Amino acid sequence: MTDKKKTLLSLVQPSGDLTIGNYLGAIKNFIKLQDEYDCYIGVADLHSITVPQVAAELRKRSREIVAIYLALGLDPDKVTIFIQSHNPDHLKLYWVLNSISYMGQLSRMTQFKDKQSRADENNNAALFTYPTLMAADILAYNADVVPVGIDQQQHMELARDLAIRFNSRYSETFTVPESIINESTRKIMSLRNPEKKMSKSDEDKNASIFLLDPLNVIRKKIKSAVTDSLNNFDYNDEQIALKNLIDIYLAFTGEDLDQVLAKYKGKGYGEFKADLADIVANDLENFQNKYNEIISDKERLDQILKDGAEKSQRKTRNLLDKVYRKVGFLQL
Ligand code: AQP
């Protein structure tokens, strides 16, 4: 008898063009783990309207993310790839979890505080309850593991709290999910300000490397990334800009830190940055060639998403019936 695979779930928002932060922090782990787990990988379109979006662009980016997943190596025959809004169970569970989410806890979420402070006229309620929807995304699938960057860790804690709270209030129902976080790529930083996370919605386009940036732009961004004036090739918390570039180097090459330190010790940052620019550009060139082929086959992408919608609903349906019964909704 074979053991039943555990469930892995993770979503990415189509809130902008994807960066190497999204790739190294989260997507790389989906790809690595796709054989080991029963995987549900989504496009979080519901989440993305917590900040203003242009409808046509949102639709376009949703399909693009699927093509990116495939070009990076996700196999749709193994993994269920779906759009969040195509499975209404996310929203059905969201409402129930809202009823056991505390305002105090939600108001302490750093992502909410950060986005709210930048969103003057868009201080909307969905931004506030975003983490509850994220908990619903995860708990609806009884996911065992969720690969994420460290910025999502606080939301993961909330998802765990809500699972435990629901289980103790109504009886054992949800798996308490664990995060999977890559230590060295848990938070890829901005190329312009190493105190800030690299983000797809950063207004300074030179701060982020987008997976679909032209190769010469990628090279230029890396070569002009901020470093420091110490002129000392080392990996430490005083030289955070350089540390970030070394983390990117390690992630793309698979080399270990000692090897890289030995290679560039005593050399100027310029040589290291030029090599890094080539490494990232060559890797992404390969990816972009595949992407261009995949994105041109709209029919295939839509078929993957139709199958994905069906499979994701099949996964969540019984659990949602159970939850609705437990909270006391009349079922006929
Ligand atoms: N800089 C990063 N380093 C490591 N991991 C990162 N992630 C995002 N940025 C980094 C991880 O990517 C996954 C998908 O992210 P998301 O779409 O859910 O939204 P996010 O975390 O808010 O990512 P962005 O790029 O910063 O988007 P915007 O600008 O729209 O807010 C998550 O697992 C995330 O941790």
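Residues numbered from 1 in each chain as written. Predicted model: local features only at pLDDT ≥ 70, side-chain atom pairs only at ≥ 80, totals over all residues. Heavy atoms only, no water.

Taken together, 22 residues form the shell around the ligand, and within it Ser 15, Asp 151, Ser 199, Lys 200 and Ser 201 come nearest. Ser 15 places a polar side-chain atom, nitrogen or oxygen, 2.7 Å from an oxygen atom of the ligand. Within the side chain of Lys 200, a nitrogen or oxygen atom sits 2.5 Å from an oxygen atom of the ligand. A total of 640 Å² of accessible area belongs to the ligand in isolation, and the protein chains cover 97% of it. Put simply, the parts of the chain that give the shell around the ligand at least two residues each are helix H1 (20-33) and helix H6 (110-117). Here the shell around the ligand takes four residues from H1, the largest share from any one element. Partitioned by chemical class, the residues of the shell around the ligand number five nonpolar, eleven polar and six charged. (Near = heavy atom within 4 Å. Polar contact = N/O pair within 3.5 Å; in protein donor to acceptor, adjacent residues only side chain to side chain. Areas by Shrake-Rupley, 256 points an atom, 1.4 Å probe, with all protein chains shown as cover. Helix = DSSP H or I, 4+ residues; strand = E, 2+ residues; numbered from the N terminus. Nonpolar A, V, L, I, M, F, W, Y, C, P; charged D, E, K, R; others polar.)

Now for the side chain of His 90. Relative to the helices and strands, His 90 is located in helix H4 (residues 89-98). Side-chain polar atoms of His 90 contact the side chain of Tyr 141, separated by 2.8 Å. Beyond its immediate chain neighbours, meaning those up to four positions away, His 90 contacts Phe 82, Gln 84, Leu 133, Ala 136, Asp 137 and Tyr 141. (Contact = heavy atoms within 4.5 Å.)

Moving on, we come to the nonpolar core. Counting 62 residues, the largest nonpolar core has Tyr 69 and Phe 272 as its most contacted members. Counting residues per element, this core draws most heavily on helix H12 (residues 269-295), at ten residues. The next biggest cluster of nonpolar side chains, apart from the first, holds 36 residues, and it includes Ile 100, Met 109, Leu 127 and Met 134. (Core = buried A, V, L, I, M, F, W, Y, C linked by side-chain atoms within 4.5 Å. Buried < 20%, exposed > 50% of the residue type's maximum accessible area, 1.4 Å probe, protein only.)

Partitioning the protein into domains gives domain 1 (7-181 + 298-327) and domain 2 (205-292). Computed from C-alpha coordinates alone, the two centres of domain 1 and domain 2 are separated by 30 Å. Between domain 1 and domain 2, a total of about 1,100 Å² is buried, with carbon and sulfur atoms accounting for 79% of that surface. On the surface where domain 1 and domain 2 come into contact, there are zero salt bridges. At the boundary of domain 1 and domain 2, one finds three residue pairs in polar contact (both at pLDDT 80 or more). Only H1 and helix H3 (55-72) provide two or more residues apiece to the side of domain 1 that touches domain 2. (Domains from an automatic or database assignment. Buried area = accessible area lost by both parts, 1.4 Å probe. Salt bridge = Lys/Arg side-chain N within 4 Å of Asp/Glu carboxyl O.)

What follows is about the packing of aromatic side chains. As enumerated under the stated definition, the model contains 14 aromatic pairs in all. With a centroid separation of 6.2 Å and 70° between ring planes, the pair formed by Phe 30 and Tyr 69 is classed as edge-to-face. Here the residue Phe 30 occupies a position in helix H1, and Tyr 69 occupies one in helix H3, the gap between them amounting to 39 residues. Accessibility classification places Phe 30 together with Tyr 69 in one group, the buried group. An angle of 70° between the planes, with centres 5.0 Å apart, marks the rings of Phe 112 and Phe 128 as edge-to-face. Placement of the pair is Phe 112 in helix H6 and Phe 128 in helix H7 (residues 125-139), with a sequence separation of 16 residues. Given the relative accessible area of 10%, Phe 112 is considered buried. (Phe/Tyr/Trp six-rings, centres within 6.5 Å; stacked < 30°, edge-to-face > 60°.)

Relative orientation of the contacting elements H4 and helix H13 (residues 298-327) amounts to 25°, with a least axis distance of 10 Å. If you check the angle between H4 and H13, you find them roughly parallel. Considering the relative orientation of H4 and H13, their crossing is left-handed. Across the interface between the two elements, Asp 89, Lys 92, Leu 93 and Val 96 of H4 pack against Gln 313, Thr 316, Arg 317, Leu 320, Val 323, Tyr 324 and Val 327 of H13. For the contact of H4 with H13, the class distribution of residues is six nonpolar, two polar and three charged. (Axes fitted to C-alpha atoms, helices over the stretch in contact; angles between N-to-C directions. Parallel < 35°, antiparallel > 145°, perpendicular 65-115°, else oblique. Left-handed = near helix turned anticlockwise from the far one by under 90°.)

What follows is about the environment of Gln 53. Looking at the element boundaries, Gln 53 is found in the loop between helix H2 (45-48) and H3. Along the primary structure Gln 53 and Gly 16 are separated by 37 residues, whereas in three dimensions their C-alpha atoms are 9.2 Å apart. Those residues in contact with Gln 53 that sit more than four places away from it in its chain are Pro 14, Ser 15, Ser 48, Leu 58 and Arg 61. For Gln 53, the side chain forms a polar contact with the main-chain oxygen of Ser 48, separated by 2.9 Å. In this structure the side chain of Gln 53 is engaged in a polar contact, spanning 2.8 Å, whose partner is the side chain of Arg 61.

When you line up the elements, Leu 332 lands in the segment after H13. Along the sequence, Leu 332 and Leu 106 sit 226 residues apart, while their C-alpha atoms lie 35 Å from each other.

Moving on, we come to unusual backbone geometry. Despite not being glycine, Asn 142 shows a phi value in the positive range, around 45°. Position of Asn 142 relative to the elements: it lies in the loop between H7 and strand E4 (145-147). Judged by relative accessible area, which is 21%, Asn 142 ranks as partly exposed. A positive phi angle, close to 50°, is found at Asn 231, a residue other than glycine.

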